[in-house]
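Descriptive analysis of the structure
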Amino acid sequence: MDGGPQGEDEDTRRAAPPELFMELGLDGTILSLRGRRIQDFGFEPEGAVGRRVADVLSPSQADAIRDCIKRAFDTDSVVFTEHLTSAGGRRRFWQARTIPVGPDRALRVVTDMSEQLRWHQALERSEVRFRQLVEQAVDGIFVCDEEGLLVDVNRQACESLQYAREELLGRNLLDLCEGLDIEQLWELLDGLDPGESETHAAAHVRSDGTTFPVELHLGHFWDRGGLPRILALVRDVTDRHRLEAAALEAAEQEARRIGRDLHDGLGQHLTGMAFLAKGLESSLNGRGLPDEASEAHEIVTLVKEAVAHSRALAHGLAPVGVHGTDLTPALENLAERTRDVFNMDCQFEGDEVARVPDDATATAFYRIAQEATNNALKHGKPSRITIGLCTDEFDGLQLSIEDDGLGLPLTRPTEGLGLRLMKLRAETVGAKLAITSVSEAGGTRVQCTLPVDAVARERSPALRSTSSPLPVA
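Along the chain, Leu 377 falls in helix H12 (residues 359-380). Along the sequence, Leu 377 and Asp 403 sit 26 residues apart, while their C-alpha atoms lie 9.1 Å from each other. With residues near it in sequence (within four places) discarded, Leu 377 still touches Thr 338, Phe 342, Met 344, Pro 382 and Ile 385.

What follows is the structure, given as C-alpha cells:
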C-alpha cells in the first residue's frame, strides 16, 4: 500500500548488463561497435564500422539514432529512449542511452530490459490485486509512520470515519482514537515479533465528533524504503457490544431466576424440613428415647447448614436490590460472606461517597469483584484479600481486588472464561480492566477503572434498563 515500484525498477535497470556499445560521430558514422548480441540489432560487426547508420539500419532506426545524437550534444546530457521489437516472433523491450563523450562523438549503450519489464508488469498486477483486496476489506486499514501520521487508508476506513481519503492522509491516528496515546502505542508494539499483532480496545471519532467502539489489531513493518510503519486493522464492534450486553443481561436474569428458585423453593423446603426434624426431636425426647432424639438433632443441624448454604448461593445469584447506585454495601457484603464461608481475612476498604453512573455499571463492578475474589481463592492460595473502591477526580471510579497469594505465572497465561467475562463486563460499561502483580514476591491486583467522563455522564434509558440488583448485608 505504501510507495511504488519506481525506485526499485530504476535500480534494476541500471544493474542490467548492456547488450550493445556503439560509438558514433556527429554525422552518424559508426566509429566502433561491440557487444554480446550485435546481430540481434541488425549489424554485421565486420562491415558496420566506418559506415553511417543510415547505410546499415532502416530509415526509421537511423533517424531515431541521429535525433538522439543531436539532442545529446545540444543539451550536453544523456538522452534516454525506449522501444519495442518483435524480431523472430519474440517481443523485446530495449532501453538506449546516448551519451556525449567528446566534442565530436557520442556513445550509445543499448540494454535488453525485457525481463525487467515483465517483472515490473507482474509487480504492478500484484499491486493492483492487493489494492483491490485492501479496498474490499470490511475492516478499516490504517498505515501510519512512527509518529502516528497516516500515510495510507482504505475505503472502509474513510467510510467509517466519514472522511475523504485526502482528508485523512497526514492526520494523526491518535487524534481519531480515544483511549490510546503514542507512548502506549509503541509500548504495545515494542514487544512484538515481525508478523505478530496486539489487540487493543478503543473508540473511533467520526468527522461529526460522534464515537463508536472499535477493536484495534496493531502491528509494525518496514516499507520498501526501510522506514518503520504501523499497521492498524480496525473493526467496528458496536453490534458485538450490543449482543454481548444482551447476553450478559440474559445471564443475569437467569442467575436471578435460579437464585429466587433456591431462596423461595429449595430454601423454603429445607426450612420446613428443619421444623419437622425439630418437632421429631422434641417428640422423641418426650417418649424417653434420647439416642433417637440425638439423631434427630443431627438432622436439624445438617438441614440448617443446608439452609445457610442455599441462602448464600441465592444471595450470590439473585442479590437483594439496593436503592440508587451505591456499590459500597454490596462489596462490604461480599467481603463479609467471603470471611464467613472461607474463614479467611477479607476486608473492604471503600470510599463511602463512591458512586457509579447507573445500576448496570454497579452490577458489572460487583460481578468483576466477585469473579476476581473467586479466582484469588481458587488459584492464588492467599491469606488476605482486600476489595477497594474509590472515586478520583483524575482517574474516575476505581475498583481493586488485591491478594497476597502466589501471583501471576511467569509465562503469559491463556485467558480463561472468568477473565474473559471480567473484560467483557468492563468493556460493556466503558471501563478498563488491568491485571498486574503486586510485587516480585507474589500477589495479584485486579483493577477496573471507569474514566472521569463516564462517571459524570448520564446513561441512556436503554442502558439503564439492563441494570440488576446488588447484594446488601
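Read from one edge of the open sheet, six strands run S7-S6-S11-S10-S9-S8, paired in antiparallel fashion. In this open sheet, the two edge strands, each paired with only one partner strand, are strand S7 (150-153) and strand S8 (177-178). Pairing geometry for strand S6 (residues 140-144) and strand S11 (residues 228-236), over five bridges, is antiparallel. Bridge pairing links Val 143 to Leu 231 in S11. Where helix H8 (residues 182-190) meets the sheet, its contacts fall on strand S9 (198-205), strand S10 (211-222) and S11, and the angle it forms with S10 comes to roughly 55°.

With that settled, consider the pairing of strand S2 (residues 30-35). Here strand S1 (residues 20-25) runs beside S2; their pairing, made up of five bridges, is antiparallel. From the neighbouring strand, Leu 20 faces S2, where its bridge partner is Gly 35. Counting the residues in the hairpin turn of S1 and S2 gives four residues, including Gly 28, whose phi is positive at 90°.

What follows deals with the pairing of S7. Note: S6 against S7, three bridges, orientation antiparallel. Considered in S7, the bridge of Val 143 is made with Asp 152. Linking S6 back to S7 in an antiparallel pair, the connection comprises five residues, with Gly 148 at a positive phi of about 95°.

Two side chains of opposite charge can pair, provided their charged atoms sit close to one another. Applying the stated criterion across every chain, the model contains 16 salt bridges. When the shortest N-O distance is used, the salt bridge between Asp 27 and Arg 52 registers 3.5 Å. Pair noted here: Asp 27 is in the loop between S1 and S2 and Arg 52 is in the loop between helix H2 (45-48) and helix H3 (53-56), with a separation of 25 residues, a long-range link. Classification of Asp 27 by relative accessible area gives partly exposed; the value is 37%. Measuring nitrogen to oxygen at the nearest pair gives 2.9 Å for the salt bridge that ties Glu 215 to Arg 240. Of this pair, Glu 215 sits in strand S10 while Arg 240 sits in helix H9 (residues 238-286); the two residues are 25 residues apart in sequence, bridging distant segments of the chain. The exposure class of Glu 215 is buried, given its relative accessible area of 16%. Residue Arg 240 is classed as partly exposed on the basis of its relative accessible area, which comes to 33%. When salt bridges with common partners are traced through the structure, they connect Glu 23, Asp 104 and Arg 105 into a single cluster.

With that settled, the discussion passes to the nonpolar core. Among the nonpolar cores identified, the biggest contains 33 residues, and Leu 331, Phe 365 and Leu 399 are the most heavily contacted of them. Considering every element that reaches this core, the biggest residue donor is H12, with nine residues. Ignoring sequence-local partners within four residues, the contact set of Leu 331 consists of Phe 348, Tyr 366, Ala 369, Ile 387, Leu 389 and Leu 399. Ranked by size, the runner-up nonpolar core spans 26 residues in total, among them Leu 174, Leu 180, Ile 230 and Ala 232.

Parameters at a glance
- Residues numbered from 1 in each chain as written.
- Predicted model: local features only at pLDDT ≥ 70, side-chain atom pairs only at ≥ 80, totals over all residues.
- Heavy atoms only, no water.
- Helix = DSSP H or I, 4+ residues; strand = E, 2+ residues; numbered from the N terminus.
- Contact = heavy atoms within 4.5 Å.
- Pairing = 2+ DSSP bridges.
- Axes fitted to C-alpha atoms, helices over the stretch in contact; angles between N-to-C directions.
- Salt bridge = Lys/Arg side-chain N within 4 Å of Asp/Glu carboxyl O.
- Buried < 20%, exposed > 50% of the residue type's maximum accessible area, 1.4 Å probe, protein only.
- Core = buried A, V, L, I, M, F, W, Y, C linked by side-chain atoms within 4.5 Å.

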